Amino acid sequence: MFNYHTYLEERLLQLKQDGNYRYFLNVNKSARHFPNFYYDKNGETKRAVNFCSNDYLGMSVEEEVIAKLSFVVHQSGTGSGGTRNISGTTNHHQSLEQTIASWHQKEAALVFGGAYLANLTALQTLGRQIPDLIFLSDERNHASIIEGMRSTRNQKLIFRHNDVLHLKELLETLPLEQPKLIVFESVYSMNGSVAPVKEIVELAKQYNALTYIDEVHAVGLYGATGGGICEQESLLDVVDIINGTLAKAVGVIGGYITASQTMIDFIRSFGSGFIFTTSLPPAICAAAERSIQLIRQSAQQRTYLKGNVSYLRSLLIENGLPFTDNASHITPLPIAGAERCKRMADLLLRNHGVYVQPVNFPTVPVGEECLRVIVTSKHTREQIVHLVKSLKQIISEINSDYLPEEPSQSVTG
C-alpha cells in the first residue's frame with residue numbers, strides 16, 4: 001500500500017538535506033520604521049533592516065496610500081463579496097483599470113488578485129482559445145508564465161535567455177501565418193537582467209507574432225512616469241500585452257494585464273481564472289490607484305532608489321565583493337551552494353541585524369545560488385554601509401578564499 005504520509009515526509013527531508021527547504025521569518029513590519037522591522041527570537045524582540053523587500057519605493061507605508069485605503073474600507077467594507085460578474089465590479093475597480101490603461105497608454109486593463117494569476121489566466125486563455133497558437137518563451141521566465149503555458153496543449157519553443165538571434169532562428173522555422181506569442185520579462189527578478197525589448201518587438205512584427213511582456217519588476221521604477229521599461233524605451237504602443245503588479249513598487253496587492261480593448265475583453269470573457277475568482281476589495285483598488293497617481297506625479301522616490309543602488313554597488317566594488325552587474329535595481333551576490341548561502345543569510349540576521357533572503361533552487365538553477373540584495377528608496381546611506389560591512393565580515397568568516405585577491409569591478413551576468 002502506498003504510504004502517503006511517509007512519501008511526503010521523505011520529499012521534505014530531501015529538500016532539507018539539499019539545502020533547499022524554505023524557512024519563513026515571521027516579520028513584524030512597521031509602517032513607521034520601514035525598512036526596519038521586528039521579529040521574535042526565543043521570546044525576545046529583535047530589530048533588523050530588510051534588504052530583500054520588493055516594496056521598492058516604500059509605497060506600502062506612504063501616508064496618502066494608507067489614508068485612501070482606510071477611508072474607502074470604512075465606506076465599502078473589507079471585501080467585494082463576489083466575482084466581477086456577481087457584484088464584484090465596483091466604481092473603484094473600474095477607476096483603477098482606467099488609470100492602469102492610461103499609465104501604459106493602452107485602451108483597457110483587467111485587474112486580478114495577483115500578477116501570478118494574471119499571467120496564468122491570460123496565457124492559458126490565449127493558448128486554449130487561439131487555434132494552433134505557438135508560445136516562444138525566454139528560458140528564464142517566471143514560474144507563473146511557465147505554468148500558464150504548461151496548462152495548455154500548445155507547442156512551446158524556448159529561446160536562450162535574452163538571445164535575440166536564437167529567437168529569430170526559432171521564428172524562421174515557423175510559417176508566417178502560424179499564430180505565435182513571444183513571452184518574456186522586461187526585468188528578470190533573480191539575475192536583474194533587462195530584456196532587449198526593442199529587438200524582440202521588431203522580430204515579432206517581422207514574423208507576425210504577438211508580444212506578451214511581464215513588467216512586474218519594472219512598473220513604478222522605469223520611464224518618465226514609472227510605466228516600466230516599455231515606457232523608458234518608448235515601446236508602449238508596439239507591445240501587445242503588458243503584465244504588471246500592484247504588490248511591489250505600487251505597494252499594495254493585485255496584478256493586471258493591459259492591452260487593446262478587444263484583447264482585454266477577450267480574456268475577460270474567456271479566462272476562467274478571472275471569471276471564477278472573487279475580485280479585490282474596493283479599498284485595495286482605491287489604495288493602488290492612489291499609489292499609481294503619486295508615482296506618476298513625482299520621480300523623487302525613483303531618484304532616491306537609483307541613487308541608493310549606485311551607492312551600494314560602489315561600496316561593493318570598493319570592498320572587493322563580487323556581484324552580478326546589470327542595468328536594473330536588483331543586485332545579486334553569487335554564493336556557491338544552497339547550504340552556504342543559507343548559512344550566510346542566517347549569520348547576517350543573527351549577528352548583524354541584516355535580513356537578506358537566500359535564493360536557491362528551484363527559484364534559480366543549482367549552482368546559481370545567490371543573496372538577492374534589494375535597496376529601496378527608504379534605505380539610508382548608513383544602513384547600506386552597515387550592510388556591506390556585514391557582508392564582507394560574514395563572507396570572510398565562512399570562507400576566506402571567497403574574497404578575490406584584488407577588488408573586482410563585478411561579475412558580469
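Up top you'll find the structure we're talking about.
*Asks:* Would you take a moment to explain the overall build of the protein chain for this structure?
*Replies:* Within the protein chain one finds 14 helices and 16 strands. The C-alpha radius of gyration of the protein chain comes to 22 Å, within 12% of the 22 Å expected for a compact globule of 413 residues. Along the longest, intermediate and shortest principal axes, the C-alpha atoms of the protein chain span 60 × 60 × 55 Å. Of all 413 residues assigned to the protein chain, the portion counted as buried reaches 53%. Summarising the internal contacts of the protein chain: among those between residues at least 6 apart in sequence, 71% fall at separations of at least 24. In the form shown here, the protein chain has an accessible surface area of approximately 19,200 Å², with 51% of it arising from carbon and sulfur atoms. Of note, the protein chain has its 37 positive side-chain charges centred 5 Å away from the centre of its 41 negative side-chain charges.

*Asks:* I'm lost on the sheet that holds strand β9 (residues 241-245) in this one. Help?
*Replies:* Within a sheet, adjacent strands bond to each other through the backbone by hydrogen bonds, running parallel or antiparallel. Ordered by their spatial adjacency, seven strands build an open sheet running β4-β10-β9-β8-β7-β5-β6, and the pairing between neighbours is mixed. Because the sheet does not close on itself, it has two edges, and the strands there are β4 (108-112) and β6 (156-159). Each adjacent strand pair in this sheet contributes to an overall mean axis angle of 20°, direction not counted. Where β4 lies against strand β10 (residues 255-259), five bridges are found, and the strand directions are antiparallel. Within β10, the residue paired with Phe112 across the bridge is Gly255. Of the strands in this sheet, β4, β5 (134-138), β7 (180-185), β8 (210-214), β9 and β10 are in contact with helix α4 (residues 115-129), which crosses β9 at around 155°. Helix-sheet contacts for helix α7 (residues 197-206) involve β7 and β8, and the interaxial angle to β7 is about 175°.

*Asks:* Help me understand unusual backbone geometry, please; the structure alone is not making it clear to me.
*Replies:* Cis geometry marks the peptide bond from Phe34 to Pro35, where omega comes out at 10°. Despite not being glycine, Ser234 has its phi angle at roughly 55°, a positive value. Turning to its location among the elements, Ser234 is positioned in the loop between α8 (229-232) and β9. When its relative accessible area of 60% is taken as the criterion, Ser234 is described as exposed.

*Asks:* How should I be thinking about the nonpolar core in this particular structure?
*Replies:* Soluble, globular proteins show a tendency: their nonpolar side chains are buried together. Counting residues in hydrophobic clusters, the biggest one holds 84 residues, and the most contacted among them are Ile182, Phe184, Val197 and Leu371. Apart from residues no more than four positions distant in its own chain, Ile182 is found in contact with Leu136, Phe159, Leu167, Leu171, Ile200, Ala204, Ala209, Leu210, Thr211 and Tyr212. Formed by 21 residues, the second largest nonpolar core is a distinct cluster that contains Phe112, Ala118, Leu133 and Ile145.

*Asks:* In this structure, what is going on with helix α6 (residues 164-172)? I would like to understand it.
*Replies:* Helical geometry note: an α-helix holds 3.6 residues per turn, so side chains three or four residues apart project in the same direction. The set of residues buried in α6 consists of His166, Leu167, Leu170 and Leu171. Along the axis of α6, the buried residues cluster in a sector spanning 140°; they form a single face. Buried residues along α6 sit in contact with β5, β6, β7 and α7. The N-cap residue of α6 is Asp163: its side-chain oxygen and the backbone nitrogen of Leu165 are 3.2 Å apart.

*Asks:* Is there a simple way to think about the sheet that holds strand β14 (residues 358-359) in this case?
*Replies:* Strand order in this open sheet of three strands is β12-β15-β14, and the pairing throughout is antiparallel. Strands at the two margins of the open sheet, each flanked by one partner only, are β12 (331-334) and β14. The sheet contacts of helix α12 (residues 300-318) involve β12 and β15 (370-373), and relative to β12 the element is tilted by about 25°. Lying on the sheet, helix α13 (residues 338-352) is in contact with β14 and β15; it crosses β15 at an angle near 45°.

*Asks:* Is there a simple way to explain the side chain of Gln383 in this structure?
*Replies:* Along the polypeptide, Gln383 turns up in helix α14 (residues 381-398). On the basis of relative accessible area, Gln383 is assigned to the buried category, the value being 13%. Here the side chain of Gln383 touches Thr380 through a polar contact of 2.9 Å, landing on its backbone nitrogen. When neighbours within four sequence positions are excluded, Gln383 is seen to be in contact with Pro35, Asn36, Val49, Phe51 and Lys378.

*Asks:* Help me out: how do you make sense of the packing of aromatic side chains in this one?
*Replies:* The relation between two aromatic rings is expressed through the spacing of the ring centres and the mutual angle of the planes. For the coordinates displayed, the defined rule picks out seven aromatic pairs. Here the aromatic rings of Phe2 and Tyr4 are separated by 5.1 Å at their centres, their planes lie at 65°, and the arrangement is edge-to-face. Residues Tyr21 and Tyr23 carry aromatic rings whose centres are separated by 4.8 Å and whose planes lie at 75° to one another, so their mutual orientation is edge-to-face. Judged by relative accessible area, Tyr23 falls into the partly exposed class, the value being 46%. Among the aromatic side chains, those forming a connected cluster through ring pairs are Phe2, Tyr4 and Tyr7.

*Asks:* Whenever I open this one, the state of the cysteines confuses me. Can you help?
*Replies:* Here a disulfide denotes a covalent bond joining the sulfur atom of one cysteine to the sulfur atom of another. Applying the stated criterion to the full structure yields zero disulfides. In this structure Cys370 is a free cysteine whose sulfur lies 6.3 Å from that of Cys341, the closest cysteine sulfur available.

*Asks:* What is the right way to read the pattern of salt bridges from this model?
*Replies:* Oppositely charged side chains can form a pair if their charged atoms are brought close together. In total, this model carries ten salt bridges according to the counting rule given. For Glu97, the salt bridge identified is with Arg84, shortest N-O distance 2.8 Å. Residue Glu97 is located in helix α3 (residues 91-103), and its partner Arg84 is located in the loop between α2 (63-76) and α3; the two are separated by 13 residues in the primary sequence. In terms of burial, Glu97 and Arg84 fall into one category: buried. With its nearest N and O atoms 2.9 Å apart, the salt bridge here joins Arg140 to Glu368. One end of the pair, Arg140, is in the loop between β5 and α5 (143-150); the other, Glu368, is in the loop between β14 and β15, and 228 residues separate them in sequence.

Cut-offs applied
- Note that residues are indexed from 1 along each chain, following the sequence as it is written.
- Totals for whole chains, interfaces and linings use every residue, but because this is a predicted model, local features are given only for residues with pLDDT of at least 70 and side-chain atom pairs only at 80 or more, for both listing and counting.
- Calculation of side-chain values draws on the structure's entire complement of heavy atoms; hydrogens and water are dropped beforehand.
- Put simply, DSSP marks the helices as runs of H or I at least four residues long and the strands as runs of E at least two long, and each gets a number from the N terminus on.
- Just to be clear, the radius of gyration here is over C-alpha atoms, and the globule rule we use is 2.2 Å times residues to the power 0.38.
- Categorising residues by exposure relies on relative accessible area from a 1.4 Å probe, with only protein chains included: less than 20% of the type maximum marks a residue as buried, more than 50% marks it as exposed, and the intermediate range marks it as partly exposed.
- Here, two residues are considered to be in contact whenever any of their heavy atoms come within 4.5 Å of each other.
- Accessibility throughout is a Shrake-Rupley quantity obtained with a 1.4 Å probe, and a residue counts as covered only by protein chains that appear here.
- Positive charges are assigned to Lys and Arg, negative charges to Asp and Glu, while His and the chain termini are left out of the count.
- The atom standing in for a charge is NZ when the residue is Lys, CZ when it is Arg, CG when it is Asp and CD when it is Glu.
- Strands are treated as partners if at least two bridges between them are detected by DSSP.
- Where helices are involved, their axes are fitted lines through C-alpha atoms of the stretch in contact, as for all axes, and angles between N-to-C directions lie from 0 to 180°.
- Take the buried residues of types Ala, Val, Leu, Ile, Met, Phe, Trp, Tyr and Cys, join any two whose side-chain atoms come within 4.5 Å, and each joined set is a nonpolar core.
- Note: the arc covers the axis-to-C-beta directions of the helix.
- A 3.5 Å cut-off defines polar contacts: any pair of N or O atoms within that distance qualifies, except that in protein one atom must be a possible hydrogen donor and the other a possible acceptor, and neighbouring residues in sequence count only when both atoms are side-chain atoms.
- Here a pair means two rings of Phe, Tyr or Trp (six-membered ring of Trp) with centres within 6.5 Å. Their orientation is stacked below 30 degrees between planes, edge-to-face above 60, and tilted elsewhere.
- Disulfide assignment relies on a single distance test, namely cysteine sulfur atoms paired within 2.5 Å.
- Whenever a carboxyl oxygen of Asp or Glu lies within 4 Å of a side-chain nitrogen of Lys or Arg, that contact is scored as a salt bridge.

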